[in-house]
Amino acid sequence: EEDPFFRDADDLFSQLLKRRGVPTPGGTRTQPVNQDEAFFIQLDVDRTEVFEGEQITATYYLMTPYQVRDIDTLKYPSLKGFWKEDIEIATRLNFQREVINGVAYNKALLASYALFPLKAGKITIDPYKARCTIVTQMNMMGMGQPYQYTKSSKPVTVTVKPLPKDSQPQDFSGAVGQFAVSSRVENSRVPLNQPFALKVRIEGRGNAKVIELPPLQLPADLETYDTKTESKFNRDGTSFKEFEIFLIPRRQGSFTIPAVSISSFDPEK
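Values in this document were obtained by computation on a predicted structure and should not be read as measured data.

Enquirer: Teacher, can you tell me more about the environment of Asp 221 here?
Expert: Relative to the helices and strands, Asp 221 is located in the loop between β14 (196-206) and β15 (222-233). With 30 residues separating them along the chain, Asp 221 and Arg 251 place their C-alpha atoms 6.3 Å apart. The residues contacting Asp 221, other than those within four sequence positions of it, are Ile 248, Pro 249, Arg 250, Arg 251 and Phe 255. Within the local environment of Asp 221, its side chain forms a polar contact with the side chain of Arg 251, the two groups lying 3.4 Å apart.

Here's what the structure looks like:
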């Protein structure tokens with residue numbers, strides 16, 4: 001069993017590498033064509049070789065050594081070949097400083113996506129295109145001449161491997177990633193013939209939205225009335241899907257609701 005201390009240490013190390021402008025192992029980060037350009041759009045991809053359905057996080061940043069007067073997004077990436085989920089789309093530019101090859105840049109998030117390849121092969125993460133008004137030089141009065149430039153990020157190609165077919169269990173949910181499943185009821189004492197909610201929650205790194213509720217082996221006289229679902233992607237790249245199943249007890253006494261399980265493919269293992 002994996003030691004959580006080492007797992008947390010690996011996560012912290014990856015975060016430190018990102019803050020220092022170093023791509024995480026297996027990922028890539030596009031670089032400026034030359035250090036004299038007014039701005040460029042950086043694409044940060046956390047991995048470039050994955051399995052079908054495995055999560056890729058792709059993040060676009062505006063990078064400039066100068067001041068930005070305004071920005072106009074001309075084209076968001078289409079990201080064909082992927083199931084796409086928005087992690088964060090910037091509504092305003094929040095700049096931080098980052099040094100690349102000895103040059104200090106102002107860096108602001110533009111958009112971040114969770115991407116899930118739909119089939120094996122080579123798939124390209126296409127460019128983000130924007131027009132910016134940049135003030136490159138300031139005069140003695142603290143004012144400068146603004147100039148407009150149009151730039152696109154470089155495309156990045158990822159290699160997608162097929163899922164192994166010979167070892168798939170019959171109840172494989174189609175989910176790829178690391179997930180935990182839990183279930184609960186709000187109250188263990190409920191009235192006869194009145195509905196109560198059983199909540200089943202699946203969460204982790206991966207696309208929880210593709211997971212369907214497995215068949216529940218409910219005891220006799222416990223009737224299924226209705227089912228609702230809720231799902232969401234979080235800014236940290238994780239997701240969840242929760243099923244709320246309304247059940248009606250048709251007799252008095254005790255009921256045991258059996259455990260719920262799902263089958264998923266863990267690329268790390």
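Enquirer: Would you take a moment to explain the side chain of Asp 266 for this structure?
Expert: Within the secondary structure layout, Asp 266 lies in the segment after β17 (263-265). Comment: no salt bridge for buried Asp 266; closest opposite-charge side chain is Lys 269, at 4.5 Å. In terms of polar contacts, Asp 266 uses its side chain to reach the side chain of Gln 178, at 2.7 Å. Residues within four places of Asp 266 in sequence aside, it is in contact with Gly 177 and Gln 178.

Enquirer: Explain the sheet that holds β14 here, please?
Expert: Backbone-to-backbone hydrogen bonds join strands into a sheet, with any given pair of strands oriented parallel or antiparallel. Spatially, the 5 strands line up as an open sheet ordered β15-β16-β14-β13-β17, and their pairing is mixed. For this open sheet the edge positions go to β15 and β17, each flanked by a neighbour on one side alone. On average, each strand axis in the sheet is tilted by 25° relative to the strand beside it, whichever way the strands run. Pairing of strand β13 (residues 172-185) with β17, which is carried by 3 bridges, proceeds in the parallel orientation. Along β17, the bridge assignment pairs Ala 175 with Ser 264.

Enquirer: I keep staring at the packing of aromatic side chains and nothing clicks. Help me out?
Expert: The description of an aromatic ring pair rests on the distance of the ring centres and on the angle between the ring planes. Within this structure, the stated rule accounts for 6 aromatic pairs. Between the aromatic rings of Phe 40 and Tyr 105, the centroid separation amounts to 5.5 Å while the plane-to-plane angle is 85°, which identifies the pairing as edge-to-face. With a gap of 65 residues between them, Phe 40 in strand β2 (residues 40-45) and Tyr 105 in strand β8 (residues 103-117) connect regions that are remote in the sequence. Like Tyr 105, Phe 40 is buried. Relative to Tyr 128, the ring of Tyr 60 lies with its centre 5.7 Å away and its plane at 35°, an arrangement referred to as tilted. Here Tyr 60 is found in strand β4 (residues 56-64), whereas its partner Tyr 128 is found in the loop between β9 (121-125) and β10 (129-135), with 68 residues between them in sequence. Residues Tyr 60 and Tyr 128 agree in their burial class; the two are buried.

Enquirer: What exactly am I supposed to notice about the pattern of salt bridges here?
Expert: Pairing is possible between side chains that carry opposite charge, provided their charged atoms lie close to one another. Using the criterion set out here, one finds 20 salt bridges in the structure. A salt bridge links Lys 151 to Glu 37; the nearest nitrogen and oxygen atoms lie 3.3 Å apart. In this pair, Lys 151 sits in strand β11 (residues 146-152) while Glu 37 sits in the loop between β1 (28-29) and β2, placing the two residues 114 residues apart along the sequence. Taking the shortest distance from any N to any O, the salt bridge between Glu 98 and Lys 107 comes out at 2.8 Å. For Glu 98, a relative accessible area of 6% gives the class buried.

Enquirer: Honestly, unusual backbone geometry in this entry has me stumped. Any pointers?
Expert: Most peptide bonds are trans, and most residues other than glycine sit at a negative phi. Its identity is not glycine, yet Leu 79 carries a phi of approximately 55°, on the positive side. Here Leu 79 shows up in the loop between β5 (67-75) and β6 (82-89). Of the residues examined, Leu 79 reaches a relative accessible area of 2% and is grouped as buried. Here the phi dihedral of Asn 193 falls at roughly 65°; this positive angle occurs in a residue that is not glycine.

Enquirer: What exactly am I supposed to notice about the pairing of β14 here?
Expert: On a regular strand, one side chain projects to one face of the sheet and the next to the other, so that they alternate. Among the 11 residues that make up β14, 8 are buried, leaving the element largely enclosed by the rest of the structure. Relative to β14, β13 runs antiparallel, the two being bridged by 9 bridges. If you follow Ser 183 over to β14, its bridge partner there is Val 200.

Enquirer: What is the right way to read the sheet that holds β5 from this model?
Expert: Strand order in the open sheet formed by 3 strands is β5-β10-β11, and the pairing between neighbours is antiparallel. The open sheet terminates on both sides in strands that have one partner only, identified here as β5 and β11. Going across the sheet, the axis of each strand differs from the next one's by a mean of 20°, ignoring polarity. Alignment of β10 against β11, held across 7 bridges, turns out to be antiparallel. Note that in β11 the partner of Ala 130 across the bridge is Lys 151.

Basis of the calculations
- Residues numbered from 1 in each chain as written.
- Predicted model: local features only at pLDDT ≥ 70, side-chain atom pairs only at ≥ 80, totals over all residues.
- Heavy atoms only, no water.
- Helix = DSSP H or I, 4+ residues; strand = E, 2+ residues; numbered from the N terminus.
- Contact = heavy atoms within 4.5 Å.
- Polar contact = N/O pair within 3.5 Å; in protein donor to acceptor, adjacent residues only side chain to side chain.
- Buried < 20%, exposed > 50% of the residue type's maximum accessible area, 1.4 Å probe, protein only.
- Lys, Arg positive; Asp, Glu negative; His and termini not counted.
- Salt bridge = Lys/Arg side-chain N within 4 Å of Asp/Glu carboxyl O.
- Pairing = 2+ DSSP bridges.
- Axes fitted to C-alpha atoms, helices over the stretch in contact; angles between N-to-C directions.
- Phe/Tyr/Trp six-rings, centres within 6.5 Å; stacked < 30°, edge-to-face > 60°.

Purely spatial values, then, with no claim about function.
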